[in-house]
Structure formats: C-alpha cells, structure tokens
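So you can see what is in the structure, the chains are spelled out below.
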Amino acid sequence: MKKLLYFSLIITLILILSACGDSTSGEGGDGVYTVGVDTTYPPFEYQEDGEMKGIDIDLINAIAEDQGFEIKIEAMDFSGIIPAMQAGELDIGMGGMSITEERKKTVDFSDPYFESGLSLVVAKDNSEITSIEDLEGKTIAVKNGTTGANYATENKDEYGYEIIQVKDSTSMFQEVSNGSADALLEDYPVIMYAIATSDLELKVAGDKLNGDNYGISVLKGKNDELLKKINDGLANLKENGKYDEIISKYLGE
Ligand code: GLN
C-alpha cells in the first residue's frame, strides 16, 4: 500500500513538473508564439494610444495570419531579447534586429526584410563633428547590445572617444540633446524617421558607417519549422503587395 502511495506521488510530481515545463516555453501548448521587440524603436515598434504599432508589429502579425499561427508581442530592452529567447521565454526576436555573424552563433535569422546600417548623429548646431574621425576626446552614446554599441567598442582605440551605454533610443537621443554626449550611433532609417517626425535637435553627420539588414530571429537549431513559416509568410507578403503596403503605411511611397 505504501509503495502504491509512493508511486502515485512520484507520478503526480512528474505531471506537475512537465506542466511547468510547458508553460515556461513561449509556445506553451496553445500554439501561441511570443515575439520580443524593442520598447521604442519607431518606425519599427512604438506605443501609441496604448497599442503597439510599427513595421515589425504589422509584419509579424501579417506573417502569423498568412501562416495560421497566433502571436503575443512583448516589448523589452533590446539587449534582453536574445537572452530571453535563450531562457525559453520568447519564440521570436525582432526589434529592427540586424543580421550579424556574432548573433548567428545563438539565433537563426529569416531572410532579410529591411536594409539598414549605422549613422553618426550629433546636435543640430554642432559644426565641429562631421565624421567619426572628429571624435577624439569626445563622448559617444550607444544602446546596450546593439550593432552601434559593438561598432563603438571596436573602434574606440582608433578614434579615441569615451562611450556612454544606455538602454533605449530615447535615452540615447537625450544624452546628445542635453549635452552629456557629443554624438550617438543609430540605425539610419530610425534616425531619419525620428528627425522627420519629431522636433529632435539632432542631425546625421557624414556618410553611413556600414550597411546591414534586419532579420526575424528564432533560437538557433531548434525552430526550423517556425523559421520556414516565417520565411514562407514573408515571401507571400512580398508577392501579394502586403509587405509594400506596410512599408508605405509608415514611410510613405
Ligand atoms: N539594428 C541594430 C541592432 O540590431 C539596433 C536595433 C535596436 O536598437 N533595436 O543591433
């Protein structure tokens, strides 16, 4: 009798544990994929009237609809997205995320969906800094975990500037507007959009520093089926005009 009680206790424990396991994985048992995006990265994602909007948001919703899966969007600091995927809390990572060799060690990327690259940005009335070569002894603000932060770190010794790390684009823009930093690095579609749509006292200095492409990411080697759906959906949207519709909704023709 005691043995039977022991046995059923163990079975109950196993059942409880496996149920817990299910709920920590983003997909759960209910076929809903959790998508991590940056907190504020217009025109790719931003909050308006309590709602998430932007190219990334519309794109993943349209892909999900095309491929018949459900999604739930979660906004977080950009630097938290890949770690959250690794912790099993997210199934899909977006956020204007550039496809890089470094990231490919931990995630698989979809086909590219938007062309980007880095720009150097300074205060509107700054005529002293016209390229990265003018940054000797200056301070540059970058966002944690981004290609901009990476670029700044890699070239620090060559150009001789100090780096301030912040957690989002809003703080980065503030560092330069309030004079705490002399310059910042931001993706050019994002800074062009910000300058065009708000009264930021900032401008781009010099040419684009590099070029890259945004991709949708899933945890490496474990999500081939999901990645295929994402790529198939993306291809369908490009073919049926939905992709262009989303882009021009936010960026015009
Ligand atoms: N595209 C850049 C990157 O992937 C910046 C992304 C962001 O700030 N949301 O690192």
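Everything below is about the structure shown above.
Read on for an overview of the structure.

Cut-offs and rules
Residues numbered from 1 in each chain as written. Predicted model: local features only at pLDDT ≥ 70, side-chain atom pairs only at ≥ 80, totals over all residues. Heavy atoms only, no water. Helix = DSSP H or I, 4+ residues; strand = E, 2+ residues; numbered from the N terminus. Buried < 20%, exposed > 50% of the residue type's maximum accessible area, 1.4 Å probe, protein only. Contact = heavy atoms within 4.5 Å. Areas by Shrake-Rupley, 256 points an atom, 1.4 Å probe, with all protein chains shown as cover. Near = heavy atom within 4 Å. Polar contact = N/O pair within 3.5 Å; in protein donor to acceptor, adjacent residues only side chain to side chain. Nonpolar A, V, L, I, M, F, W, Y, C, P; charged D, E, K, R; others polar. Core = buried A, V, L, I, M, F, W, Y, C linked by side-chain atoms within 4.5 Å. Salt bridge = Lys/Arg side-chain N within 4 Å of Asp/Glu carboxyl O.

1. A short note on the overall build of the protein chain
- Check the secondary structure of the protein chain and you find eight helices and 14 strands.
- A total of 253 residues make up the protein chain; the buried ones form 47% of that total.
- By sequence separation, contacts in the protein chain at least 24 residues apart represent 72% of the contacts at least 6 residues apart.
- Only carbon and sulfur atoms are counted for the fraction: they give 50% of the accessible area of the protein chain, which is about 13,100 Å².

2. Structural notes on the site of the ligand
- If you check the shell around the ligand, you find 13 residues, and the closest are Gly96, Ser98, Arg103, Lys143 and Asp187.
- One of the side-chain nitrogen or oxygen atoms of Asp38 is found 2.8 Å away from a nitrogen atom of the ligand.
- Protein chains shield 99% of the accessible area of the ligand, which is 290 Å² for the free molecule.
- In terms of residue class, the shell around the ligand is built from four nonpolar, five polar and four charged.

3. Observations concerning unusual backbone geometry
- Cis geometry marks the peptide bond from Pro42 to Pro43, where omega comes out at 5°.
- Although it is not a glycine, Asp49 sits at a positive phi angle of roughly 50°.

4. Some details on the nonpolar core
- Core analysis: the biggest nonpolar cluster contains 34 residues, and Leu59, Ile63, Phe69, Ile92, Met94 and Tyr113 have the highest contact counts within it.
- Within the residue set of this core, elements represented by two or more residues are strand 1 (32-38), helix 2 (55-67), helix 6 (188-197), helix 7 (224-240) and helix 8 (242-251).

5. Quick word on the pattern of salt bridges
- Here the structure, examined in full by the defined rule, presents nine salt bridges.
- Between Lys249 and Asp58 there is a salt bridge whose closest N-O contact spans 2.7 Å. You can see Lys249 sitting in helix 8 and its partner Asp58 sitting in helix 2, a full 191 residues away along the chain.
- Taking relative accessible area as the criterion, Lys249 reaches 56% and is therefore assigned exposed.

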